[in-house]
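Analysis of the macromolecular model
Chain by chain, the residues:
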Amino acid sequence: MTRLVPPVAGDPHGLDDVRLEVRKFVAEQRQAGRIGRSADCWLTGWDEDFTRALAARGWLGMTVPVEYGGHGRSHQERFVVTEELLAAGAPVGAHWIADRQIVPSLLKYGTEAQKRKFLPAIARGECYFAIGMSEPDSGSDLASVRTKAEPVDGGWRITGAKVWTSGAHLAHAFICLARTAALDPAHRHDGLSQFIVDLRSPGVDIRPIISMNGKHHFNEVILDEVFVPDGPDGMVFGTVGDGWQQVTSELSFERSGPERFLSTFTLLADVAGHMSARALPRHTDLGRYVARIAGLHQMSTAVAGALERHEPADTAAAVVKVLGTTTEGDIADFADVLGIPDEMDDDPYRTMLADAVVQRPGFTLRGGTNEVLRGVIARGLGMR
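A brief report on the enclosed structure follows.

Scoring rules and cut-offs
Residues numbered from 1 in each chain as written. Predicted model: local features only at pLDDT ≥ 70, side-chain atom pairs only at ≥ 80, totals over all residues. Heavy atoms only, no water. Helix = DSSP H or I, 4+ residues; strand = E, 2+ residues; numbered from the N terminus. Buried < 20%, exposed > 50% of the residue type's maximum accessible area, 1.4 Å probe, protein only. Lys, Arg positive; Asp, Glu negative; His and termini not counted. Salt bridge = Lys/Arg side-chain N within 4 Å of Asp/Glu carboxyl O. Polar contact = N/O pair within 3.5 Å; in protein donor to acceptor, adjacent residues only side chain to side chain. Contact = heavy atoms within 4.5 Å. Axes fitted to C-alpha atoms, helices over the stretch in contact; angles between N-to-C directions. Parallel < 35°, antiparallel > 145°, perpendicular 65-115°, else oblique. Left-handed = near helix turned anticlockwise from the far one by under 90°. Nonpolar A, V, L, I, M, F, W, Y, C, P; charged D, E, K, R; others polar. Core = buried A, V, L, I, M, F, W, Y, C linked by side-chain atoms within 4.5 Å.

1. Some remarks on the side chain of R179
Locating R179 in the fold gives a position in strand β4 (residues 173-179). In this structure, R179 is buried with no salt-bridge partner, the nearest side chain bearing the opposite charge being D190 at 7.9 Å. Within the structure, R179 has its side chain in polar contact with the backbone oxygen of D190 (distance 3.0 Å). Each residue touching R179, except ones within four places of it in the same chain, is listed here: A143, V145, T147, K148, A149, R188, D190, G191 and L192.

This is the structure we're talking about:
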């Protein structure tokens with residue numbers, strides 16, 4: 001029988017001291033008025049001062065080897081730190097993509113020059129990345145990439161468009177998926193490659209996408225013959241033509257982390273507090289959501305362990321993403337139905353609820369729609 005999610009290995013309480021250290025630090029930052037508390041903090045909470053404060057504590061680049069400016073710690077230690085920051089609603093958006101996704105990708109596919117250039121800066125909280133995968137009119141079908149990279153003297157010229165690029169207007173670079181060979185309809189995944197693109201390069205036009213609440217997180221990035229150098233010091237990422245295999249490997253880190261079930265945890269915690277104070281009516285569904293979060297914590301922890309052991313985790317990561325983002329959305333709906341009594345003068349709670357409701361449609365879309373991921377799970381289990 002195929003196991004859907006790997007087993008949890010190790011002592012679940014072995015890193016409790018790290019958890020307590022992070023909780024104390026966040027409480028001190030909040031008490032000093034340096035940070036707030038929000039839903040969906042890993043997307044909307046861009047705070048470069050807080051990012052640098054985390055870096056000073058050694059909580060960025062945790063899994064980066066010491067020789068590349070990191071701290072040589074385990075994936076499990078990093079998981080504990082990120083889980084606590086998300087559960088607290090801390091503003092981690094500035095470094096999130098760089099630390100979560102770019103670090104393991106650089107360690108696996110980056111050249112020596114790329115590792116030396118980016119890894120120490122990420123660990124210091126000084127380098128921020130976005131992701132250039134999705135394209136206009138493509139949805140979650142990454143194989144339909146139309147952005148093209150053509151070889152020129154000394155490198156490549158990239159032309160195309162990327163959309164839903166979170167934080168691109170503030171980031172330094174993004175990893176761009178582009179087509180380097182003509183599309184073969186019978187083998188759509190072939191001929192794709194990745195490039196590290198400086199978002200301040202000539203030919204890059206970043207256009208804001210404003211959400212319905214007036215906030216700016218997403219962008220469309222237009223690439224008009226943007227030059228990317230080749231060679232030992234170049235910015236070709238990995239192997240030309242292997243872009244699809246590289247992307248699917250990276251997505252395991254994107255889809256399985258605690259951000260896939262904790263985006264609305266702060267809201268659930270406040271609901272519980274208001275129920276305890278009888279400001280909101282008690283409801284049995286609260287316990288059901290707490291239980292779902294506990295189960296997802298176990299599943300996500302197990303996938304983190306598998307990734308640390310370099311075991312395949314694509315299917316398990318997809319399971320965490322489908323179940324986790326569904327739970328996040330259900331929590332937002334639950335809190336919205338409970339409402340806010342007129343006598344509850346709680347502006348932070350009102351803001352958190354409003355943000356969760358606005359962000360709610362995106363939970364099951366970003367990182368691959370749940371409909372697409374159910375296909376990934378079925379194929380991973382050998383179903384037809």
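2. Notes on unusual backbone geometry
For W164, which is not glycine, the phi torsion reads 60° and is therefore positive. Mapped onto the fold, W164 is located in the loop between β3 (155-163) and β4. Despite not being glycine, R278 has its phi angle at roughly 65°, a positive value. Relative to the assigned elements, R278 resides in the loop between α8 (265-276) and α9 (285-308). Taking relative accessible area as the criterion, R278 reaches 63% and is therefore assigned exposed.

3. What about the packing of α9 against helix α10 (residues 314-338)?
Relative to each other, α9 and α10 sit at 155°, their axes nearing to 10 Å. Comparing their axes, α10 and α9 come out roughly antiparallel. Relative to α10, the crossing made by α9 is left-handed. Contacts between α9 and α10 pair D285, L286, Y289, R292, I293, L296, M299, S300 and V303 from the former with A316, A317, V319, V320, L323, G324, T326, T327, D330, I331 and F334 from the latter. Here the contact of α9 with α10 is built from residues that sort into 13 nonpolar, four polar and three charged.

4. A short note on the nonpolar core
Judged by nonpolar contacts, the single largest core of 58 residues is most densely connected at F50, L54, L85, V92 and V271. Broken down by element, this core gets its largest block of residues, ten residues, from α10. Those residues in contact with L54, other than ones at most four positions away along the chain, are F25, W59, L60, L85, V92 and H95. Formed by 48 residues, the second largest nonpolar core is a distinct cluster that contains Y128, A130, M133 and V145.

Functional significance is not addressed by these values, which are geometric in nature.
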